[in-house]
Amino acid sequence: MSRREGSLEDPQADSSISPLPHLESKIQQTHSLARLLTKYAEQLLQEYVQHQGDPFGLPGFSPPRLPVADLSAPAPGHAGLPVPERLRLDEAALAALPPLLDVVRRRQAELNPRALLLLRRLEDAARQARALGAAVEAVLAALGAETRGPQPEPAAAAVAAATATAGVFPAKVLGLRVCGLYREWVSRTEADLGQLAPGGPT
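Residues numbered from 1 in each chain as written. Predicted model: local features only at pLDDT ≥ 70, side-chain atom pairs only at ≥ 80, totals over all residues. Heavy atoms only, no water.

**Focus on the nonpolar core**
Residues Leu-44, Leu-71, Leu-87, Leu-97, Leu-101 and Tyr-182 are the most contacted members of the largest nonpolar core, which totals 44 residues. Among the elements of the structure, helix H2 (21-50), helix H3 (83-111), helix H4 (116-143) and helix H6 (168-194) are those that each provide at least two residues to this core. Among residues more than four places away in sequence, those in contact with Tyr-182 are Leu-37, Ala-41, Leu-44, Leu-97, Leu-101, Ala-125, Gln-128 and Ala-129. (Core = buried A, V, L, I, M, F, W, Y, C linked by side-chain atoms within 4.5 Å. Buried < 20%, exposed > 50% of the residue type's maximum accessible area, 1.4 Å probe, protein only. Helix = DSSP H or I, 4+ residues; strand = E, 2+ residues; numbered from the N terminus. Contact = heavy atoms within 4.5 Å.)

This is the structure in structure tokens:
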């Protein structure tokens, strides 16, 4: 394996190899975007909880962690994977999130039609997840790492059907779960990009 190939599997393997300036810039820009979206994701979650009524937001309330089609939380061993593999998982999650956030937005438009800020935040989150996912994919390509390639559409239709037929409370819980997963994956992406960003951990 060449020195270059080894650096792709583990960007921290040889600190004497410095990325090209344009690659450093791309990584830094994507990391900054992820950091900004982490803040927005926290605001979205707070806004969502605010409009769901009791028992959401009450101290001690612990909603069930409903499964979401095509998406789960970052695995406990995620941080131990090579950085390119982590970024591939981040990019896959970010690709799955927009249609799920769209489903939540449509249901909230029925349940809380006057919550205009919440609806706008959900719409923005879907667009921002797409943008961050594309930026992460570009970083992977610039690193020479394998990307996912064309993927089938996420099973958001199944989530939409389940949400439409569910009662109000399960629909609200599912929306909370999607917003929480959005925050987790954006935050995870920020941390993973931080491993590559100039001045990050070595």
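**Some thoughts on the layout of surface pockets**
Empty space within the second largest pocket amounts to approximately 290 Å³. Leu-45, Pro-63, Leu-176, Arg-177 and Gly-180 are, among the 16 residues lining the second largest pocket, the residues nearest its centre. Listing elements by their share of the lining of the second largest pocket, those giving two or more residues are H2 and H6. Ranked by residue count, the leading element in the lining of the second largest pocket is H6, at seven residues. Counted by class, the lining of the second largest pocket contains 10 nonpolar, two polar and four charged residues. (1 Å grid on protein atoms, 1.4 Å probe; cavity = no way out; pocket = protein on both sides within 12 Å on 5 of 7 lines; lining within 4 Å. Points joined across faces, edges and corners; volume = space filled by probe spheres on them. Nonpolar A, V, L, I, M, F, W, Y, C, P; charged D, E, K, R; others polar.)

**Things to note about the packing of H3 against H6**
Packing of H3 against H6 leaves a shortest axis separation of 8 Å and a crossing angle of 150°. The angle between H3 and H6 falls in the class roughly antiparallel. Once H3 is placed against H6, the crossing between them reads as left-handed. Of the residues assigned to the contact of H3 with H6, the class counts are 18 nonpolar, two polar and six charged. (Axes fitted to C-alpha atoms, helices over the stretch in contact; angles between N-to-C directions. Parallel < 35°, antiparallel > 145°, perpendicular 65-115°, else oblique. Left-handed = near helix turned anticlockwise from the far one by under 90°.)

**Examining the environment of Arg-130**
Considering the arrangement of structural elements, one finds Arg-130 in helix H4. Overall, the relative accessible area of 46% leaves Arg-130 in the partly exposed class. Sequence-distant contacts of Arg-130, that is, excluding residues within four places in its chain, are made with Pro-98 and Asp-102.

**Digging into the environment of Leu-23**
Relative to the helices and strands, Leu-23 is located in helix H2. Judged by relative accessible area, which is 9%, Leu-23 ranks as buried. Sequence-wise, Leu-23 and Ala-138 are 115 residues apart; in three dimensions their C-alpha atoms are separated by 9.8 Å. The residues contacting Leu-23, other than those within four sequence positions of it, are Ala-142 and Leu-143.

**Here we look at the packing of aromatic side chains**
Throughout the structure, instances matching the rule amount to two aromatic pairs. The interplanar angle of 65° and the centroid separation of 5.2 Å between the aromatic rings of Phe-56 and Phe-61 together place this pair among those described as edge-to-face. Taking the relative accessible area as the measure of exposure, Phe-61 reaches 26% and is therefore partly exposed. A relative accessible area of 6% places Phe-56 in the buried class. An aromatic cluster is defined as three or more aromatic residues linked by ring pairs; in this entry it consists of Phe-56, Phe-61 and Phe-169. (Phe/Tyr/Trp six-rings, centres within 6.5 Å; stacked < 30°, edge-to-face > 60°.)

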